[in-house]
Structures are given as structure tokens and as C-alpha cells.
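Architecture and fold: a report
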Amino acid sequence: MENKERNLALEMDELKDELAQIKALLAQNLGDTIKGALAEKGVEPEPTGERVGRIHKMKMHPDKNVDAIMDRLQVDCGITGDSGRISYMGVFSSGDRQSNWVRHNVNTDILFELAESGKAAQVLSSIGSNDRLKLLLSLLQKPMTVAELVGEAGFTSTGQVYHHLKALQAADLIVEEKGRYSVRHHRVQGIIMLLAGVSDMVDEAYTRGDWSEA
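Before going into details, it helps to say that this report is about the structure given with it.

Conventions adopted
Sequence order sets the numbering: in each chain, residues are counted from 1 along the sequence as written. With pLDDT at 70 or above as the cut-off, local features in this predicted model cover only qualifying residues; side-chain atom pairs require 80 or more to be listed or tallied, and sums for whole chains, interfaces and linings still use all residues. Water and hydrogen atoms were dropped before computing side-chain values, which therefore reflect all heavy atoms in the structure. Orientation is described by axes fitted as lines to C-alpha atoms, over the contacting stretch for helices, and by angles from 0 to 180 degrees between their N-to-C directions. Under the DSSP-based scheme used, a helix requires at least four consecutive residues in state H or I and a strand at least two consecutive residues in state E, with every element numbered from the N terminus. The cut-offs work like this: below 35 degrees is roughly parallel, past 145 is roughly antiparallel, 65 to 115 is roughly perpendicular, and the gaps in between are oblique. The contact rule is simple, with two residues in contact once any of their heavy atoms fall within 4.5 Å. Patch membership is restricted to residues that have no salt bridge and whose relative accessible area is over 30%. Joining uses 9 Å for like charges and 5 Å for the nonpolar side chains Val, Leu, Ile, Met, Phe, Trp and Tyr. In this description, accessible areas are obtained by the Shrake-Rupley approach with a 1.4 Å probe, and a residue is regarded as covered only by the protein chains that are shown. Note on definitions: salt bridges are taken to be side-chain nitrogens of Lys or Arg within 4 Å of carboxyl oxygens of Asp or Glu.

Take the packing of helix α4 (residues 119-127) against helix α5 (residues 130-141) next. Each pair of packed helices gets described by two things: the angle between the helix axes and the distance between those axes. Between α4 and α5, whose axes approach to 7 Å, the crossing angle comes to 80°. If you check the angle between α4 and α5, you find them roughly perpendicular. On α5, the residues that touch S125, S126 and I127 of α4 are R132, L133 and L136.

Along the chain, the position of R132 falls in helix α5. As for R132 and H163, which are separated by 31 residues in sequence, their C-alpha atoms are 9.7 Å apart. Setting aside anything within four residues of it in sequence, one finds R132 in contact with S125, S126, I127, H163, H164, A167 and L168.

Bringing a nonpolar patch on the surface into the picture now. A surface patch of nonpolar side chains, amounting to about 550 Å² of accessible area, comprises L124, L194, V198, M201, V202 and W211. With four residues, the top contributor of residues to the nonpolar patch is helix α8 (residues 188-202). Position of V202 relative to the elements: it lies in helix α8.

The values are spatial; any link to function lies outside them.
What follows is the structure, given as C-alpha cells:
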């Protein structure tokens, strides 16, 4: 009888633990849902009340690891007085090629210098045509020959492809090996992040722009 009572007590304790875990998960999911709904309505996160220099610290993400990165950015930006700090990371895999990247605590003042020097405009201009972006997208998927690019990427002639490939090679975005072209491994992240930036600019969650007028 005593063994049975002890087993029942243990089972009750285990049940209580499971219920506590379920309650915690439900609370977290509800919190994520509320935060998501607020974000869709354009409600900004509230300041925590803490300040570092001119920076108001804010809680931005339910994941503690992500929020810790944001906290570090806010602290460093407040201490140094920089215009801003950003971090980004990602992985892109296509075929047998994979690119991983992590850039942490990048000073936005350095990024502004790219615009002020004209370098940003030069880069955007060199790859800004639809044909060149289509080439880059095709080569991100897999290395290809000129003939394959004509057949699979919708170009009308090899001359048209060679013209754009020459410009992309000069920008050191692609490389040719044994007749096959591919995106340079260390340039993949830049192309993906550029597209991510475009995604932010055309996001209609808060406002809508007419890019046909640009």
C-alpha cells in the first residue's frame, strides 16, 4: 500500500510539472501573438525606461537571444554616439554550395560613407538592370555556361549574355571557370542582403510607394 501511495504522489508531482510547462508555453505563444498583432498595427515597442546616452533602450523580440543582441547594439550605439549599429546573419544553400555569414555591430556611419563617396550608387548602377539581376539570380542557383543562360534564363542571344557578364565580372561579382560562370562565394551574402533591403523598402505593412515613378 505504501509503495502505491508513493507512486501516486510521484505521478501527481509529474502531472503538476507538465501542467506548469504547458501553461508557460501557452503564455509565451499568447505573448508572441499579441506582439505580432501590435507590430501589424504599427505599434512600436515601448522603451524600458533605461537610457544609454541618447539611446532609449527597447525590448524588441520575444526570443531572449535576439533581444540580447539588440541590447548590445543599443548600448554600444549609446556609448559611442554613432548614428546607429546593425547586425545581420544568414545562410544560403543551392546545389552543393553553401554560404553562411555573420556581421555584428556594424557602424552605420561607415555605411553612410559608401553613399557619400558615390560607391553605393556605382554598385547599384552596375547591377541595377533587370537583365543583370536575372543573371545573378540564375547563377546563384547554380553555375552555368553562356548557352545555358540563354536557354534557361530567357535571354535572346549569347551576345546579350556576354555583355552583362563582362560588367558583372568587372565588378568581381562572378567568376568563370572552364566555361561555367558562378557567383563568387564571398559575394553571395551581399546580393542576398541587397534583396533583403529591397524587400524592406517595398514592404506595404505601413505605407505604400509607387516605384513606377522612380
